[in-house]
Amino acid sequence: MSGVQGRVVVVTGAGGGLGRAYALLLARSGASVVVNDLGGARDGSGAGHSMADAVVAEIRALGGNAVANYDSVTTARGAAAIVGTAIEEFGALHGVVNNAGILRDAAFHKMADEQWDAVLEVHLAGGYHVTREAWPHFREQGFGRVVMATSTSGLYGNFGQSNYGTAKNALVGLVNTLALEGAKYNIRVNAVAPMAATRMTEDVAPAELLEKLAPEHIAPVVGHLLTEECEDSGTVLVAGGGQVHRVQLFQSKGVTFDDVPTLQQVADRWKDITSMDGAVPGTNPVG
Ligand code: NAI
């Protein structure tokens, strides 16, 4: 199979914004798509069917295959229903795009437990539950592709987004281990940090910048990660406005102390420890 032709893909949060662009590109490219969306507001409040239904109607009008699902990604039961929709409607599942997301920004000193929990529930628990539910199908068929939506807010930090950034970077941790565990079953797991004009970003960037950041720019990158041809796993990409970059953690050359160092010895070598001259990609020394 080449590209995503004939593949069945779940896109969570596909009732608008980036998820809608992913679903449309996948369907146009021959995939059958489960358009999942809870249908709530940007902060996760509310629910409804109209968002997912509208995207399914758009896809069908183009002659594509799509079915709606309205469950929340936040529970195992919701995830089972989402994956179940793919199996019942299309007879298989080959790829998952964990795209559903909400925002509840607050400076850390004002962060309420409820804001923290709600954001981690959708992004992190959501990414976990849907992938966990899809995983046995992927292992059994010896093929699976997972794309996590991460964020530069998680990779680099962003004021007011400690909850969101934590969840988004935690998904990269999940990617790292799933890439290892999925390798022998031909399951590839990667992450994309998008930059796009959607309801999530409408008030965080100037209009002139947002004009250049159509969600459609990111869809082919996500689409490529869902193909059999793409064998990469454990990679993190940043994409937006026509630019696509890979992001990777590097480790400095550092220093080796022969004995337990004193405070002063650490201070004396601090520049050598932290200098990134000659740094190499980091790896797990006990992995
Ligand atoms: P969006 O708000 O348009 O899309 C998110 C979708 O997820 C919405 O349609 C919403 O109804 C759905 N959703 C929320 N909670 C859900 C739940 N519990 N179950 C199922 N669906 C749920 O925002 P956008 O920008 O399209 O975001 C898509 C993803 O990309 C998110 O994960 C976001 O964090 C991420 N992202 C977006 C960036 C951007 O520049 N727009 C930047 C970095 C990351």
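Rules and cut-offs
- Residues numbered from 1 in each chain as written.
- Predicted model: local features only at pLDDT ≥ 70, side-chain atom pairs only at ≥ 80, totals over all residues.
- Heavy atoms only, no water.
- 1 Å grid on protein atoms, 1.4 Å probe; cavity = no way out; pocket = protein on both sides within 12 Å on 5 of 7 lines; lining within 4 Å.
- Points joined across faces, edges and corners; volume = space filled by probe spheres on them.
- Helix = DSSP H or I, 4+ residues; strand = E, 2+ residues; numbered from the N terminus.
- Nonpolar A, V, L, I, M, F, W, Y, C, P; charged D, E, K, R; others polar.
- Near = heavy atom within 4 Å.
- Polar contact = N/O pair within 3.5 Å; in protein donor to acceptor, adjacent residues only side chain to side chain.
- Areas by Shrake-Rupley, 256 points an atom, 1.4 Å probe, with all protein chains shown as cover.
- UniProt positions renumbered as here; feature names shortened; annotations may be inferred.
- Pairing = 2+ DSSP bridges.
- Contact = heavy atoms within 4.5 Å.
- Expected span 1.5 Å × (residues − 1).
- Buried < 20%, exposed > 50% of the residue type's maximum accessible area, 1.4 Å probe, protein only.
- Axes fitted to C-alpha atoms, helices over the stretch in contact; angles between N-to-C directions.
- Parallel < 35°, antiparallel > 145°, perpendicular 65-115°, else oblique.
- Left-handed = near helix turned anticlockwise from the far one by under 90°.

## Concerning empty space enclosed by the protein
Logical step 1: What the rule picks out here adds up to one cavity of 30 Å³ or more.
Logical step 2: Approximately 60 Å³ is the volume found for the largest cavity.
Logical step 3: Lining of the largest cavity is provided by Thr-12, Val-73, Asn-98, Asn-99, Ala-100, Val-122, His-123, Gly-126, Gly-127, Ala-149, Lys-168 and Leu-171.
Logical step 4: Elements with a minimum of two residues in the lining of the largest cavity: helix 4 (113-141) and helix 6 (162-182).
Logical step 5: Counting residues per element, the lining of the largest cavity draws most heavily on helix 4, which supplies four residues.
Logical step 6: Residue composition of the lining of the largest cavity, by class: five nonpolar, six polar and one charged.

## What about the site of the ligand?
Logical step 1: Leu-18, Asp-37, Asn-99, Tyr-164 and Thr-198 are the nearest of the 31 residues found near the ligand.
Logical step 2: At 3.0 Å from a nitrogen atom of the ligand is found a side-chain nitrogen or oxygen belonging to Ser-72.
Logical step 3: Between the ligand and the protein, one listed contact pairs an oxygen atom with a side-chain N or O atom of Arg-199 at 2.9 Å.
Logical step 4: In the complex, 96% of the free accessible area of the ligand, which totals 810 Å², lies under the protein chains.

## Digging into the UniProt feature "domain: Ketoreductase" (unreviewed entry) in the chain
Logical step 1: As recorded in UniProt, the feature "domain: Ketoreductase" (unreviewed entry) lies at residues 7-203.
Logical step 2: Here residues 7-203 runs as 48% helix and 16% strand, with 36 Å between its end C-alpha atoms.

## Observations concerning the pairing of strand 8 (residues 243-247)
Put simply, side chains in a regular strand alternate between the two faces of the sheet.
Logical step 1: Relative to strand 8, strand 7 (residues 236-240) runs antiparallel, the two being bridged by five bridges. Bridge pairing in strand 8 places Leu-237 opposite Arg-246.
Logical step 2: In this structure, the hairpin formed by strand 7 and strand 8 is closed by a connection of two residues, where Gly-241 is found at a positive phi of approximately 60°.

## Observations regarding the side chain of Asn-69
Logical step 1: When you line up the elements, Asn-69 lands in strand 3 (residues 65-69).
Logical step 2: A distance of 2.9 Å separates the side chain of Asn-69 from the side chain of Asn-36, its partner in a polar contact.
Logical step 3: If we ignore the near neighbours within four places in the chain, the residues touching Asn-69 are Val-34, Val-35, Asn-36, Asp-37, Ala-52, Ala-81, Ile-82 and Thr-85.

## Examining the environment of Ala-118
Logical step 1: Within the secondary structure, Ala-118 sits in helix 4.
Logical step 2: Along the backbone, Ala-118 and His-94 are 24 residues apart, and their C-alpha atoms lie at a distance of 29 Å.
Logical step 3: Other than its neighbours up to four places away in sequence, Ala-118 contacts Ile-102 and Arg-104.

## Thoughts on helix 6
Logical step 1: The end-to-end C-alpha distance of helix 6 is 30 Å, a good match for the 30 Å that 21 residues give at a rise of 1.5 Å each.
Logical step 2: Restricting attention to buried positions, one finds in helix 6 the residues Asn-163, Tyr-164, Gly-165, Ala-167, Lys-168, Leu-171, Val-172, Val-175, Leu-178, Ala-179 and Gly-182.
Logical step 3: Looking at the buried residues of helix 6, the elements they touch are helix 4, strand 5 (144-149), helix 5 (152-156), strand 6 (187-194) and strand 7.

## With respect to the packing of helix 1 (residues 17-28) against helix 2 (residues 50-61)
Logical step 1: At a minimum axis separation of 10 Å, helix 1 and helix 2 run at an interaxial angle of 25°. Comparing their axes, helix 2 and helix 1 come out roughly parallel. Handedness of the crossing formed by helix 1 with helix 2: right-handed. Residues Arg-20, Ala-23, Leu-24 and Ala-27 of helix 1 lie in contact with helix 2, whose contacting residues are Val-55, Glu-58 and Ile-59.
Logical step 2: Broken down by class, the residue content of the contact of helix 1 with helix 2 amounts to five nonpolar, no polar and two charged.

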